[in-house]
Amino acid sequence: TTLLLYVVSISVALLIAGLLVSLTGASPWEAVQAIFQGSLSDAAALGLSLDKAAPLLIVAVGTCIATSAGLFSIGQEGQVVIGATVGAMVAIYLHGPGPLVLVVTLMGAALGGAAWAAVAALLYYWRGVPVVISTLLLVYIAYQVVFYAVTQPWLLQESGQNVASPQSDIIRNDARLPRIGEYPGLNFSSLVVIAVLLAVGARIVLNRTTWGFRLRMLGLNPKAARRAGVSAVLLGSLALMISGAFAGFVGGALLTGGSHRLQPGISENVGWDGLLVALVARNNPILAIPVAFFFGVLRAGGGFLASTGVPRYIVDVVTAILVLAIVFPPAYQYLRREIRARRLARALATGGAA
């Protein structure tokens, strides 16, 4: 039944996606070919897909950790932005050997993301503000923080007399993430390796360690966890901060391995898409690896859609439709179980009353 639901929902999603592409006046088959050409057609395209997938995977893994504790954070986008901002401050103002600056930049970015997530943890455990609301609102504050930082000469505004756009100075060449391989062959950022290692490590920690067991117990049954001596405040806050650290680390990686300077749009919606990866993977760090790669393929191939006359935003729409299609079967089964349970409870109550 589950397999059939997935087949039907994904088939419907692909049909809707094809209709949307047709409405733009382009051929759905040509759109598929364009995505393939930009993402999987050769070694260079495959490397681009891996580059696009790596930050999504890291954000998703961090999300899995927070969700395991029963805390649903949707503020990864803001944490990525804050991480990039803190990382830019370190990379620009810290002097020393390039590799040292790179490591400290990434560590600073992770700490920035963790601190931003700590605000949501404080609001939740101190004032009872739902994590979903606080993390969402903090995203928009983060946008304002980075814009302010790159428009102030005493902070991170680009130096020079004629500043054309709000951005920081470019970081040093020796403080950038190294790449593996050479163009036009297979070449990708070292972040890909880091992302896979983090996913495997998170899976081991969540399923094979005492800390991971306590975390999952807190998420499944908070009352039982408290009776077992688990501190919800300490463990929950730590889970949120680790999730924020992962997202902040991605911000630092985007800075040192991508744009090489801080700009308001540096995140490129990586936080939002990373959250979707975690949802589709059902909070499984290992399953998030192929899901992130699929999203990376869509991101890498989306740039080639312009050649077919399809607007770039159609990729985002198609991605959203596919996400809904993949999330629908478990959601449908959950609702079905709930309805059955309620009917059974009513039947038992009616029988008992009779």
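Please refer to the structure placed before this passage.
Quantities reported herein were computed from a predicted structural model and do not represent experimental measurements.

(A) Structural detail: the layout of surface pockets. Roughly 650 Å³ of internal volume is contained in the largest pocket. What lines the largest pocket is a set of 30 residues, among which Leu 276, Leu 279, Val 280, Phe 295 and Val 323 lie closest to the centre. Top contributing element to the lining of the largest pocket by residue count: helix H13 (residues 313–353), with 12 residues. Considered class by class, the residues forming the lining of the largest pocket number 17 nonpolar, 5 polar and 8 charged. Listed by contribution, the elements that provide at least two residues to the lining of the second largest pocket are helix H1 (2–23), helix H2 (28–39), helix H12 (288–302) and H13. No other element matches H2, which puts 6 residues into the lining of the second largest pocket. Across the lining of the second largest pocket, the residue classes break down as 19 nonpolar, 2 polar and no charged.

(B) The arrangement of unusual backbone geometry in detail. We note that Glu 268 has phi near 55°; this positive angle belongs to a residue other than glycine. Within the secondary structure, Glu 268 sits in the loop between helix H10 (232–259) and helix H11 (270–280). Glu 268 gets classed as partly exposed once you look at its relative accessible area, which sits at 46%. Non-glycine residue Asn 283 carries a positive phi angle of around 60°. Residue placement: Asn 283 occurs in the loop between H11 and H12.

(C) Layout of the environment of Ala 232. Inspection of the secondary structure puts Ala 232 in helix H10. Ala 232 gets classed as buried once you look at its relative accessible area, which sits at 11%. A C-alpha to C-alpha distance of 9.8 Å links Ala 232 and Arg 214, two positions 18 residues apart in sequence. With residues near it in sequence (within four places) discarded, Ala 232 still touches Tyr 125, Leu 218, Arg 226 and Ser 237.

Definitions and cut-offs
- Residues numbered from 1 in each chain as written.
- Predicted model: local features only at pLDDT ≥ 70, side-chain atom pairs only at ≥ 80, totals over all residues.
- Heavy atoms only, no water.
- 1 Å grid on protein atoms, 1.4 Å probe; cavity = no way out; pocket = protein on both sides within 12 Å on 5 of 7 lines; lining within 4 Å.
- Points joined across faces, edges and corners; volume = space filled by probe spheres on them.
- Helix = DSSP H or I, 4+ residues; strand = E, 2+ residues; numbered from the N terminus.
- Nonpolar A, V, L, I, M, F, W, Y, C, P; charged D, E, K, R; others polar.
- Buried < 20%, exposed > 50% of the residue type's maximum accessible area, 1.4 Å probe, protein only.
- Contact = heavy atoms within 4.5 Å.

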